[in-house]
Number of protein chains: 2
Amino acid sequence: LRIDPISGRRVLVAEVRAGRPNDFLSNPSKGPSTAARDHDECPFCRGHEAQTPHSLLEVLDEAGQWQVRVVPNKYPAVSHAVPDKSDPGDDLFAYEAPLGHHEVIVESPEHVRDWNRLSSAEAARVLRVYRDRARWWSNDRDTQHVSIFKNVGSAAGASLEHVHSQLVALPYVPPNVATEAVRAATHYATHGSCIFCDLIEKELAAAVRVVAEHDQWIALAAFAGRQPYETWILPREHSARFELLSDGMIDSLAVLLCDLFDVLGRQLVPLHYNFLLHSAPVGGEHDAAFHWHWELVPRSTKLAGFEWSTGMHINPLSPERAAAQLRCVV
Amino acid sequence: LRIDPISGRRVLVAEVRAGRPNDFLSNPSKGPSTAARDHDECPFCRGHEAQTPHSLLEVLDEAGQWQVRVVPNKYPAVSHAVPDKSDPGDDLFAYEAPLGHHEVIVESPEHVRDWNRLSSAEAARVLRVYRDRARWWSNDRDTQHVSIFKNVGSAAGASLEHVHSQLVALPYVPPNVATEAVRAATHYATHGSCIFCDLIEKELAAAVRVVAEHDQWIALAAFAGRQPYETWILPREHSARFELLSDGMIDSLAVLLCDLFDVLGRQLVPLHYNFLLHSAPVGGEHDAAFHWHWELVPRSTKLAGFEWSTGMHINPLSPERAAAQLRCVV
């Protein structure tokens, strides 16, 4: 793990990842379709379990067959297993050991590409695995933050098309989450309230960026979305940590997400996206000010020189127009 | 211009840009080749000047024909021309007027795709135009920072393949440059020296990330590069502001850049990249601590959920290995 002396950016140099298999390499315009001919070589399909490391967790059906499977990432970006060879560095060239845990959640034994092929019961089963793994790592004494994310389609950086997600447990709070946590804490100190709860209240009153509304959930076109149709999903009642989610809440979240992916998949063809869980750092000190949420970022426009140079974003579709197109009352 | 209440991110919602022409839309895997059949419809080719706004500057040859041409961006991300319709906003939903100037530099009258088809004399002519437009906007009383960047190839966000760059003059310092300026000022306050000058000295001594070395210039594989082969080009002698560059320096820079693009183009096929100028904010207060430079970022790996969620990067090629592959003494 290197820290850029000029910008402070944190970069994991992980040459092991250059060896990853890639469904999309030979045909970069592929991506949207499930390809039966890929099944034979897919390391995530049932029967190919020997191509991945041993399972850390399996959800079994009544016949004892796995339905969801968690394995260590074979090409980890972070790891506790690697001996620390880091250079001592100095004030300009700063190295840190690339510590952490990197897992893959295989979300179906079948070679399907996305949640639009799962029932809401199957999606709920996957969400329970997310919750249980997040809870597991939250109880690890070295872990400060747990990230869960999903890459779907080549434009979103997916290397394999079989439906799956990744979990990264880190011994520090990553920069984007740290920024959110600091700003949330500042808002809490000033207003005595959670900034996300205040946001939900204002968005419900304004009613121009609400994509879906449910007793327990709200989906919003992000006020300053980075990409067209960027949508955030939040629990309406204050909760800082995803790992505390109840089974009942998971069932209703699964229904909302399946509907949302269905609507998005009809709006954006092909739908390539990242789906990002932001939960509070572990330990409880952020529990009053932070509010966990999913960020669903479709990847229909490229980041270009303007974004890389300035750190700002250009979004060619207003969030209000996006919400009007997606709005579905669940 | 909207400011995200949770993260503080600045996002330009610019629906006018959804109407841009796009050479790559129908065939996303295209990009590397110059396509003669596109010439007829290319708004940047000689003879098609009526398809762009009027020139702001033209460099003419002896026959009075333009060789380099600067025009206002027809689909600007920022503008002083648009009346301020911004919502007053509030503490959660903050809007600012999307002020600024957005220009396009058409770098050849011929339909060539990249600098590898230009001579170093032609490249120097382009660099002089960059310098002159940067100088122009640095003297504008509303401008705080001038960005110049180039997107080449669809993976780098280019919408047109005809060789060109963009300039954005902003009435504030954009976040990434502001971060660099703050860190450079902190280093200067602590060490009494420019952090970039110190970096150059250490890199020359270490000699493991030097890609090219010249009396006046150095090209380095960035210590914490975000992408494989990310390369920075800096003047060896301290200089904060690109717009003060001399003609003699431009000639030697053109030779270095042409060589560098040539080497990169052989290493990465196709070569899609962003080329980003970071110059000090205008006004002089950063002149001692800041050091202007180009960041050349090939775009061979996608930003995926990990990067979007955490704000960290994963680079599957070590900068030392990249430098060894690219090293060319100019």
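**Q** What am I meant to see in helix α3 (residues 195–206) of chain B here?
**A** Given 3.6 residues to a turn, an α-helix orients residues that are three or four positions apart in the same direction. All names here are of chain B. With twelve residues, α3 extends 16 Å from end C-alpha to end C-alpha; this agrees with the ideal 16 Å at 1.5 Å per step. All of the buried residues in α3 are Ile-195, Phe-196, Asp-198, Leu-199, Ile-200 and Glu-203. The elements touched by buried residues of α3 are α2 (175–191), β9 (210–213), β10 (217–221), β11 (231–235) and β13 (293–298). After α3 finishes, the residue Ala-207 shows a positive phi value of roughly 60 degrees.

**Q** Before we go on, may I ask you to explain unusual backbone geometry in this structure?
**A** Only a minority of non-glycine residues have a phi that is not negative, and only a minority of peptide bonds are not trans. All names here are of chain A. A cis amide bond, omega -5 degrees, links Val-269 with the succeeding residue Pro-270. Following the sequence through the fold, Pro-270 ends up in the loop between α4 (247–267) and β12 (273–278). We note that Ala-207 has phi near 60 degrees; this positive angle belongs to a residue other than glycine. You can call Ala-207 partly exposed: its relative accessible area is 43%.

**Q** Looking at this structure, how should I read the pattern of salt bridges?
**A** Opposite charge on two side chains permits pairing when their charged atoms draw close. All chains considered together, the criterion is met by 40 salt bridges over all chains. As a salt-bridge pair, Glu-58 of chain A and Arg-69 of chain A come within 3.6 Å of each other at their nearest N and O atoms. With Glu-58 of chain A in strand β3 (residues 57–60) and Arg-69 of chain A in strand β4 (residues 66–72), this residue pair connects regions lying eleven residues apart in the sequence. Close ionic contact of Arg-241 of chain B with Asp-287 of chain B constitutes a salt bridge, the shortest N to O distance being 3.0 Å. Taken together, the residues span a long stretch of sequence, with Arg-241 of chain B in the loop between β11 and α4 (247–267) and Asp-287 of chain B in the loop between β12 (273–278) and β13 at a distance of 46 residues. Of the residues examined, Arg-241 of chain B reaches a relative accessible area of 17% and is grouped as buried. Overall, the relative accessible area of 25% leaves Asp-287 of chain B in the partly exposed class. Here the salt bridges do not stand alone but share partners, grouping Arg-2 of chain A together with Glu-203, Arg-209 and Glu-320 of chain B into one network.

**Q** For this particular structure, what's the right way to read the interface of chain A and chain B?
**A** Reports often express the size of an interface as the amount of accessible area lost when the parts come together. Each partner contributes to the interface: chain A provides 86 residues, whereas chain B provides 86 residues. The contact between chain A and chain B buries some 7400 Å² in all, and 64% of this surface belongs to carbon and sulfur atoms. The largest contributions to the chain A side of the interface with chain B come from Ile-6, Phe-223 and Trp-308 of chain A, which together make up 13% of the buried area. For the pair chain A and chain B, the number of links is eight salt bridges. Two residues, Glu-15 of chain A and Arg-321 of chain B, come together in a salt bridge whose shortest N-O distance is 2.6 Å.

**Q** For this particular structure, what's the right way to read the packing of aromatic side chains?
**A** Aromatic ring pairs are defined here through the distance separating the ring centres and the angle between the ring planes. Applying the stated criterion across every chain, the model contains 30 aromatic pairs over all chains. Summarising the aromatic geometry, the rings of Phe-261 of chain A and Phe-275 of chain A are spaced 5.4 Å apart at their centres and angled 75 degrees between planes, so their arrangement reads as edge-to-face. In this pair, Phe-261 of chain A is assigned in helix α4 and Phe-275 of chain A in strand β12, connecting sequence segments 14 residues apart. Through a chain of ring-to-ring contacts, the aromatic side chains of Trp-115, Tyr-130, Trp-217, Phe-242, Phe-261, Tyr-273, Phe-275, Trp-292 and Trp-294 of chain A assemble into a single cluster. Here Arg-10 of chain B stacks its cationic end above the ring of Tyr-172 of chain B, 4.6 Å away from the centre of that ring.

**Q** Help me understand the sheet that holds strand β1 (residues 2–3) of chain A in this model?
**A** Two modes of strand pairing occur in sheets, parallel and antiparallel, and in both the strands are linked by backbone hydrogen bonds. A sheet is described by the order of its strands in space; here four strands give the open sequence β5(A)-β1(A)-β2(A)-β14(B), paired in mixed fashion. The sheet terminates laterally at β5 (94–95) of chain A together with β14 (313–315) of chain B, the two strands that pair on one side only.

**Q** Sorry, what's going on with the sheet that holds strand β7 (residues 145–152) of chain A here?
**A** All names here are of chain A. Here ten strands make up an open sheet; going across it, the order is β3-β4-β6-β8-β7-β12-β13-β11-β10-β9 and the pairing antiparallel. Single-partner strands in this sheet number two, and they are β3 and β9 (210–213). On average, adjacent strands in this sheet sit at an angle of 15 degrees to one another, irrespective of strand direction. Where β4 lies against strand β6 (residues 101–106), four bridges are found, and the strand directions are antiparallel. Note that in β6 the partner of Arg-69 across the bridge is Val-106. Across the sheet, helix α3 (residues 195–206) touches β9, β10 (217–221), β11 (231–235) and β13 (293–298), and the angle it forms with β11 is around 110 degrees. In the packing of helix α6 (residues 319–326) onto the sheet, the strands contacted are β9, β10 and β11, and the crossing angle to β9 comes to about 40 degrees.

About the cut-offs
Counting starts from 1 at the beginning of each chain's written sequence and moves along it residue by residue. Chains carry letters and ligands carry numbers; both start at the beginning, A for chains and 1 for ligands, and go up in the order they are written. For this predicted model, a pLDDT threshold of at least 70 governs which residues receive local features, and a threshold of 80 or more governs which side-chain atom pairs are given and counted, while totals over whole chains, interfaces and linings are taken from all residues. To get the side-chain values, all heavy atoms of the structure are used, and hydrogens and water are removed first. The way it works is that DSSP assigns letters per residue, a run of H or I at least four long becomes a helix, a run of E at least two long becomes a strand, and they are numbered from the N terminus. Here, expected helix span is obtained from the residue count minus one, scaled by 1.5 Å. Three exposure classes are used, based on accessible area relative to the maximum for each residue type with a 1.4 Å probe and protein chains only: buried under 20%, partly exposed in between, and exposed over 50%. By definition, residues are in contact when any of their heavy atoms lie within 4.5 Å. We count a salt bridge whenever a side-chain nitrogen from Lys or Arg sits within 4 Å of a carboxyl oxygen from Asp or Glu. The term buried area means the drop in 1.4 Å probe accessible area that two parts suffer when joined, counted for both and summed. Aromatic contacts are taken between Phe, Tyr and Trp rings whose centres are within 6.5 Å, Trp giving its six-membered ring; a plane angle under 30 degrees counts as stacked, one over 60 as edge-to-face, and the others as tilted. A positively charged side chain is recorded as over a ring if its NZ (Lys) or CZ (Arg) lies within 6 Å of the ring centre. The angle to the ring normal must also be within 35 degrees. Strands pair, by our definition, only if DSSP identifies at least two bridges between them. Fitting a line to C-alpha atoms yields each axis, with helices limited to the stretch in contact; the angle taken between N-to-C directions then spans 0 to 180 degrees.

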